[in-house]
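Commentary on secondary and tertiary structure
Chain by chain, the residues:
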There are 2 protein chains.
Amino acid sequence: MEPRIWQQIAVRRCAEVKGMLPKGMLMSSPPPSSILDVSDIPRKFLDISDILLTEKLTISELLGRISAGSLTATQVINAFFHRACIAHQLTNCLTEVFFDRALERAAELDRHLKATGQVLGPLHGLPISLKDQIDVQGTEQNMCYVGLVGTKARDNAVIVDILLRQGAILYCKTNMAQGIMGAEGYNNVYGRTLNPLNRSLTCGGSSGGEGALIGMRGALMGVGSDIGGSIRLPAAFQGLYALKPSYGRIPYANTSSSFEGQETIRSVLGPITASVDGLKVFTKAVLETAPWDCDPWTPRMPWSEERYNLIDHGGLKGPLCFAILWDDKIVKPSPPYWRALKELKSALLHAGHFVTDWEPFKMEEAAASWMDILNADGGKDLKQHLALSGEPRLNDVLDRSVTERSVSEYWRLCHRRTTLMKESLDHWMSTATTTPTQRPVDAIVAPVAGCVPMRHDEPLLGNYTTFCNLMDYTTALMPVTKVLPHIDTRPPSHEFYSSADQDNYTRYDPELYRDGGVGIQIIGKRYEEEAVIRMTEIADQALKVHLAAS
Amino acid sequence: MEPRIWQQIAVRRCAEVKGMLPKGMLMSSPPPSSILDVSDIPRKFLDISDILLTEKLTISELLGRISAGSLTATQVINAFFHRACIAHQLTNCLTEVFFDRALERAAELDRHLKATGQVLGPLHGLPISLKDQIDVQGTEQNMCYVGLVGTKARDNAVIVDILLRQGAILYCKTNMAQGIMGAEGYNNVYGRTLNPLNRSLTCGGSSGGEGALIGMRGALMGVGSDIGGSIRLPAAFQGLYALKPSYGRIPYANTSSSFEGQETIRSVLGPITASVDGLKVFTKAVLETAPWDCDPWTPRMPWSEERYNLIDHGGLKGPLCFAILWDDKIVKPSPPYWRALKELKSALLHAGHFVTDWEPFKMEEAAASWMDILNADGGKDLKQHLALSGEPRLNDVLDRSVTERSVSEYWRLCHRRTTLMKESLDHWMSTATTTPTQRPVDAIVAPVAGCVPMRHDEPLLGNYTTFCNLMDYTTALMPVTKVLPHIDTRPPSHEFYSSADQDNYTRYDPELYRDGGVGIQIIGKRYEEEAVIRMTEIADQALKVHLAAS
């Protein structure tokens, strides 16, 4: 059978991307697909200094060395670009490359530092990768739809202008799910991105390319988007950190998206990072630029060092009270999550904090509300984009068989959601009567999903992320462990809550899911970015101390 | 012809409200309808001390006297209640009265102050009136629909709890437009509220009862709502101050509204006040209570004294740059607005500020965008409520003949609106290149409408308010003058921009519109409540100085 036209377009576009990689960086004999963990392979190709530079430094340390002049921006972008090229050949994570611009930019930054003795901004010299949807003027902007291949971005997204103003180096864009609504970096243009920790597993989605690239240390920081888990799942599945801010805190203006005008549950931009300090570095750098002057939906809220110092949570000296969501009673999380939560609990207790249980609140209703709102156009936006080329629909998280709603039905859905937000806020605030701090629970600690990183084409089971989008809770993601077959054995059966629960139990086989990243959410209330970042740093530090001691 | 059932229900409900007024406060011989200006009539019925208390004090002065113990809360509420009863008999402004509660409350406040020497909160003893839609537990909550007469509110709106927590005394609710979408306080339950400055003119709407009540000094402060001008028009038409905050800054949760779930252009709550200081008093008192803990849509933005001190506008010492929107080129404002704007311009220049012209930006597109979004359900919400009783539709500002939209059409409308918001923000920011301050224009100064307060049943002409709701600009309203027939004569004809422009020109007759309030908007960017309040105080003070000197 002849390959159809759309397939030819896709093949051509993939070849185009590969053609952008310097010949010297192409691997003559890539490892066979039976090699699952490819995260160390770049070491074979990089000099020792580039290995150290890409693997051994936190984001702050890297920035510090550049500003101190012990590393140049040019050295840094060369190392990360080299590593990104190898990452692409192993995981298929890139969708667009503009290395020439990056080199020019790096030279400019180096000249600036030399001439003035000052960095251009707090991100001076930091390579930052971008999810494919984020517009970079003059580069490919096809939204991973075959029918849009060849489209170029007319403008920079506001976030792009801001990152550049603050000194970042942009050099590539990364793969995402079809329609930006799937739990894997997978679409008909670029195909599938693989998880570098275990290539038989999903990289997560929709910001899957970011997960794989940063998992390979082809970047230490990237920008993803999240409307239901799209930043958190890839971060978790590759052992990374991330922040899903509340609506508009990080400016979204001029970033392309799916179903534009759906402004009820807002897609948000946020960082995915290799080290925990990156969450503050990114957020503070963006907020310093007064982004509300460029994005009408960004609230006028500068970075607050007071909030970062937990002024609303008893200050830095007092203990915090974390509440763990062990199980939403819809899908019981797989064994590695229980182990992760137990370890984190011990670590937090050990560090002097309180830990209670979080009582799940109307989780099924929240999931249904999320789904109904995002599905209210009956999938029309997706279908219209697929129809441009005739490319087929891939699995995503929405049921596209529903009928489009009328506006009055839609407004009813929106009202139900606002009612649920109010009830959930009241539920959270009411915890003040039971915590030892007499404050409401400071943060909820929850698994990122019921299932560990799936094998390709398996559905995501256990929805632990979308309620945060529905309620607009600021949510961070931190890595805790990975799937360890010798420890995370299959537990005895339990009385199943649902068929998804049974599926999750049945398909769990620690050997198959070996090395998959196991990440935990730290969930704060709306517009608590500063406090959530600080609490994540605290939890991360507590865990490191605890693991070092045990 | 027999009155129909719905009319009987309405008549009964109006009698019920009248029955709540103490017999001793009923006027035996109300003035004939030929007496147009009734604003001074309460003086005939109140003692001199109550006249002084209700007319001669600013809100801060009143609060100061109560906290100093020179006035009791009980004295104060008695005086305002008496005045409100007279106001109702002259303008038909009240829809619900709960004076017994208010008296108990006042006694409680007086005991508290006596026992502790402390006020309960910053609003201690201040009587505050509420627009009819705002829920007060156990009181009538019929939304001015005949079919809902007899319904009682199950809970307090969040704003009600907050005002009570801060020491306010609540005692009445006030009339509004049918469906909360009309430019006059007029509906089939309570009928029409009249403008106390000239009873042949409209009180404005939708928060028309607030305008009339505060215009009569039956309250110095009330809470209205605004989705297209509903706070600003009544404030302007009665010579009052007001603030339309940006979305959710003042918590809206648990307040009933029209088309609930329409969350694209959000209705907002805000104060209408008799003195300019009330805007800060109200906003600060509400924000001090951390309202984001009670309303999920309220952004985590405490009152900022820094912003009130104009940190983002060159500080208190530097001159500001105001830009006047003289004419949107769709409907030319009537002569009194030109006089008001010229006076305000002179006053601002005299006070050392800069004044430039504001270049109107896509005003027709903004008006259409506003209309299309609010009309997207084809008027279904209104029709369903009218159908409950069979009561007829009254004139409102929406074209209810349109068909209901689908969700994908709606999302397109929302996207067009966000695009317009971004373009408008860019337009505003770009003024920095032309102002003498090298900052973007600090505030836009604009008339509240093209027409002065209309005669009953005349349409509002000249839409100068809805773009502020579409863009979510924080907007204050200040009184400048009133229609003065001997000065505001009809000007020579001009080339008409539109049929509405011609209508506005043609119907203008200063004698007919005598004494109607002429108010001006001070428009800031999103979430600039503190700065807009300060700039309004500055403009108001400049005007007073200027008028005193001339």
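Residues numbered from 1 in each chain as written. Chains lettered and ligands numbered in written order. Predicted model: local features only at pLDDT ≥ 70, side-chain atom pairs only at ≥ 80, totals over all residues. Heavy atoms only, no water.

Chain A goes by amidase in an unreviewed UniProt entry, where it is assigned to Kockovaella imperatae. Word for word, the UniProt comment on chain A under Catalytic activity (unreviewed entry) is "a monocarboxylic acid amide + H2O = a monocarboxylate + NH4(+)". The record in UniProt for chain A states the following under Sequence similarities (unreviewed entry): "Belongs to the amidase family." (UniProt positions renumbered as here; feature names shortened; annotations may be inferred.)

With that settled, consider unusual backbone geometry. Residues and elements named next belong to chain A. Cis geometry is adopted by the peptide bond preceding Ser206, which originates at Gly205 and carries an omega value of 5°. Tracing the backbone shows Ser206 in the loop between β5 (191–192) and α7 (208–215). With a phi angle near 65°, Leu310 is a residue other than glycine that sits in the positive phi range. When you line up the elements, Leu310 lands in the loop between α10 (305–308) and β9 (321–324). For Leu310, a relative accessible area of 1% corresponds to the buried category. (Helix = DSSP H or I, 4+ residues; strand = E, 2+ residues; numbered from the N terminus. Buried < 20%, exposed > 50% of the residue type's maximum accessible area, 1.4 Å probe, protein only.)

For the match of chain A to chain B, the screw axis carries a shift of 0.0 Å, the RMSD comes to 0.0 Å, and the turn is 180°. In the structure described here, the two chain copies are related by an operation that fits a two-fold rotation axis. Closest to the rotation axis within chain A is the C-alpha of A:Ser406, separated from it by 2.3 Å. (Least-squares fit on C-alpha atoms with pLDDT ≥ 70 in both.)

A few words now on the sheet that holds strand β8 (residues 268–273) of chain B. Residues and elements named next belong to chain B. Taken in spatial order, the eleven strands make up an open sheet running β1-β3-β2-β6-β8-β7-β12-β13-β11-β9-β10, and their pairing is mixed. Every other strand in the sheet has two partners, leaving β1 (94–97) and β10 (354–357) as the edge strands with one partner each. Recorded for the sheet is a direction-independent mean angle of 30° between the axes of neighbouring strands. Here three bridges tie strand β9 (residues 321–324) to strand β11 (residues 443–447), and the two strands are oriented parallel to one another. Note that in β11 the partner of Ala323 across the bridge is Ile444. (Pairing = 2+ DSSP bridges. Axes fitted to C-alpha atoms, helices over the stretch in contact; angles between N-to-C directions.)

Another point: helix α11 (residues 335–350) of chain A. Its 16 residues place the ends of α11(A) 23 Å apart at the C-alpha level, agreeing with the 22 Å of an ideal helix rising 1.5 Å per residue. Those residues of α11(A) not exposed but buried are A:Pro335, A:Pro336, A:Tyr337, A:Arg339, A:Ala340, A:Leu341, A:Leu344, A:Ala347 and A:Leu348. (Expected span 1.5 Å × (residues − 1).)

Moving on to the UniProt feature "active site" (unreviewed entry) in chain A. All names here are of chain A. According to UniProt, the "active site" (unreviewed entry) feature falls on Lys131, Ser206 and Ser230. A maximum C-alpha distance of 10.6 Å among these annotated residues, which run over 100 residues, shows that they cluster at one spot. Inspection of the secondary structure puts Lys131 in strand β2 (residues 127–131). When neighbours within four sequence positions are excluded, Lys131 is seen to be in contact with Lys173, Thr174, Met176, Ile180, Ser206, Ser207, Glu210, Val223, Gly224, Ser225 and Ser230. As for its placement among the helices and strands, Ser230 is situated in the loop between β6 (221–226) and α8 (232–237). Those residues in contact with Ser230 that lie beyond four places of it in its chain are Lys131, Ile180, Gly205, Ser206, Ser207 and Ser225. (Contact = heavy atoms within 4.5 Å.)

Taken together, the 46 residues of chain A in the interface contact 46 residues of chain B. Regarding the contact of chain A and chain B, the summed buried area is about 3,900 Å², with carbon and sulfur atoms giving 60% of it. The three residues of chain A that bury the most area against chain B are A:Trp297, A:Arg300 and A:Trp411, which together make up 23% of that side's buried surface. For B:Glu528, the salt bridge identified is with A:Arg300, shortest N-O distance 3.8 Å. Across the contact surface, chain A and chain B share 26 residue pairs in polar contact (both at pLDDT 80 or more). Elements with a minimum of two residues in the side of chain A that touches chain B: α12 (363–374) and α14 (407–430) of chain A. Residue composition of the side of chain A that touches chain B, by class: 22 nonpolar, eight polar and 16 charged. (Buried area = accessible area lost by both parts, 1.4 Å probe. Salt bridge = Lys/Arg side-chain N within 4 Å of Asp/Glu carboxyl O. Polar contact = N/O pair within 3.5 Å; in protein donor to acceptor, adjacent residues only side chain to side chain. Nonpolar A, V, L, I, M, F, W, Y, C, P; charged D, E, K, R; others polar.)

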